[in-house]
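A closer look at the structure
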Amino acid sequence: MSLEVHLRHAVERNELRLYFQPQVSLADGRVTGVEALLRWQSAELGMIPPGDFIPLAEDSGLILDIGTWVIEEACRQMKAWHAKGLPAMTVAVNVSARQFATGTVPAVVSKALRDNGVAPRWLEVELTESVMMHDSEHTQMQLNELSAMGVSISLDDFGTGYSSLGYLSRFRLDKLKIDQTFVKNITTDPRSAAIARATTALAHGLNLVVVAEGVETEGQLAFLRDMGCDKIQGYLFSRPLPVDELSVLLLEQR
Ligand code: G
Ligand code: G
Ligand code: NA
Ligand code: MN
């Protein structure tokens, strides 16, 4: 059986999981949110890395059902955390260009929030520059709709794709994520440092919250703090965690 056939059954067999990677505010060191990242634990094939199955899901169109599941599952999780008395925090979900192409993202989001009694401000939609490039007006309308609902919008992997500053003025964004390729070299490569610094200034000028991704060392952290970055995400603080481990971490900081 091909990987695609297996993947087709992954949703119905309940083999997909969301892991959650904390985002930490540099102002007070607290976890203010998490990014949901898909994992596939296949009964037959074992753990398949997202780098292997997400491109396949994109190409086959399976990402539509999977993407809907991700949004619903994130909202179910928020409801469960709330019931446990855990502090509220934002959950960011990755939404792909193909999902936006359907035009149904606001409806899917709105239903998932409503079904689980979650206030829109706790959900964040994360998209890449390629999403904005692809059928730009259609996407823009959906982002405006999400924004009007109270959902926040985060621009992922900034500077790695087809960056156009025009997107930053046309699209309603709340957050910008500095890509890990810049963070990786920030203490050793003056160019990466300059790009990260300029990106932060640009984002702050537009009233966007700045998150640095892939922070792995204390040196990177010190540099980012000095630069005025608002939040960090990366192995230095935590890997993406299964839900039980994340709950333990959140209970500790309560
Ligand atoms: O999770 P890392 O944990 O290995 O993820 C690898 C890649 O998969 C990243 O580019 C990430 O953006 C993407 N990814 C992870 N979860 C999702 C998801 O729920 N939807 C989409 N579209 N991409 C995801
Ligand atoms: O494409 P996106 O930015 O959504 O994906 C984030 C990816 O980065 C995921 O695969 C996640 O597991 C990975 N990641 C998160 N923190 C770190 C880190 O500190 N170092 C590295 N190398 N990867 C990370
Ligand atoms: Na992301
Ligand atoms: Mn990213």
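Here the structure is a predicted model, which means the values were calculated and not measured.

Re the overall build of the protein
Check the secondary structure of the protein and you find 12 helices and nine strands. Its C-alpha radius of gyration of 18 Å places the protein within 12% of the 18 Å reference for a compact globule of 254 residues. Counting only C-alpha atoms, the protein reaches 50 × 45 × 35 Å along its principal axes. Every one of the 254 residues in the protein was classed for burial, and the buried ones make up 36%.

Overview of the site of ligand 2
Around ligand 2, 13 residues are found, and the nearest of them are Gly214, Glu216, Gly234, Tyr235 and Pro240. Its residues placed into classes, the shell around ligand 2 shows four nonpolar, five polar and four charged.

Brief notes about the packing of helix 1 (residues 3–10) against helix 2 (residues 50–60)
Here helix 1 crosses helix 2 at 85 degrees, and the two axes come no closer than 10 Å. Between helix 1 and helix 2, the crossing angle belongs to the class labelled roughly perpendicular. Across from Leu3, Glu4 and Leu7 in helix 1, the residues of helix 2 making contact are Phe53, Leu56, Ala57 and Ser60. A breakdown of the residues in the contact of helix 1 with helix 2 according to their chemical character gives five nonpolar, one polar and one charged.

Things to note about helix 7 (residues 136–149)
Here helix 7 spans 20 Å end to end across 14 residues, near enough to the 20 Å set by a 1.5 Å rise per residue. Within the sequence span of helix 7, burial applies to Thr139, Gln142, Leu143 and Leu146. The arc enclosing the buried residues of helix 7, seen along the axis, measures out at 100 degrees, which places them on a common side. Of the exposed residues in helix 7, the ones pointing more than 90 degrees away from its buried face are Glu137 and Ala148. Those residues of helix 7 that are buried are in contact with helix 4 (97–102), helix 5 (105–116), strand 5 (123–127), helix 6 (129–133) and strand 6 (152–158). Looking one or two residues beyond helix 7, the residue adopting positive phi is glycine 150, at roughly 110 degrees.

So, the nonpolar core
Grouped together as the largest cluster of nonpolar side chains are 62 residues, with contacts concentrated most on Ala36, Ala74, Val91 and Val93. Among the elements that take part in this core, helix 3 (residues 63–83) stands out by supplying eight residues, more than any other. Apart from residues no more than four positions distant in its own chain, alanine 36 is found in contact with Leu18, Phe20, Val70, Ala74, Val91, Ala92 and Val93.

Let's talk about the site of ligand 1
Lining the immediate environment of ligand 1, one finds Leu37, Leu38, Pro50, Gly51, Ile54, Ile63, Val70, Asn94, Ser96 and Pro240. Sorting the residues of the shell around ligand 1 by element identifies strand 2 (31–42), helix 2 and helix 3 as the ones contributing at least two each. The leading source of residues in the shell around ligand 1 is helix 2, at three residues. Considered class by class, the residues forming the shell around ligand 1 number seven nonpolar, three polar and no charged.

As for the confidence of the model for the protein
In the predicted model, the protein carries a mean pLDDT of 94, and the fraction of residues at 70 or more is 99%. Confidence metrics for the complex model read pTM 0.96 and ipTM 0.96.

Conventions we followed
- The residue numbers shown here count from 1 along each chain, following its written sequence.
- Chains and ligands are labelled by the order in which they are written, letters from A for the one and numbers from 1 for the other.
- Owing to the predicted nature of the model, reporting of local features is limited to residues with pLDDT of at least 70; listing and counting of side-chain atom pairs is limited to 80 or more, with chain, interface and lining totals taken over all residues.
- Helix numbers and strand numbers start at the N terminus; a helix is a DSSP run of H or I with at least 4 residues, a strand a run of E with at least 2.
- Our radius of gyration is a C-alpha quantity, and the globule rule it is checked against amounts to 2.2 Å times the number of residues to the power 0.38.
- Our exposure labels follow a C-beta count within 10 Å of each residue's own C-beta, placed from the backbone: buried means 20 or more other C-beta atoms, exposed means 12 or fewer, and partly exposed covers the counts in between.
- The rule is simple: place the C-beta atom from the backbone, and if it lies within 6 Å of a molecule or strand, the residue is near it.
- Only Asp, Glu, Lys and Arg are considered charged in this grouping, and only Ala, Val, Leu, Ile, Met, Phe, Trp, Tyr, Cys and Pro are considered nonpolar; every other residue, Gly among them, is considered polar.
- Axis definition: a line fitted to C-alpha atoms, limited for helices to the stretch in contact. Angles are taken between N-to-C directions and run from 0 to 180 degrees.
- In what follows, roughly perpendicular refers to angles from 65 to 115 degrees, roughly parallel to angles under 35, roughly antiparallel to angles over 145, and oblique to any angle outside these ranges.
- Contact criterion: two residues are in contact if their C-beta atoms, reconstructed from the backbone, are within 7 Å.
- A helix is expected to reach a length of 1.5 Å times the quantity of its residues less one.
- Note: the arc covers the axis-to-C-beta directions of the helix.
- For our purposes the nonpolar core covers buried Ala, Val, Leu, Ile, Met, Phe, Trp, Tyr and Cys residues that link as a set through C-beta atoms within 7 Å.
- The quantity known as pLDDT measures the predictor's confidence residue by residue, on a range of 0 to 100.

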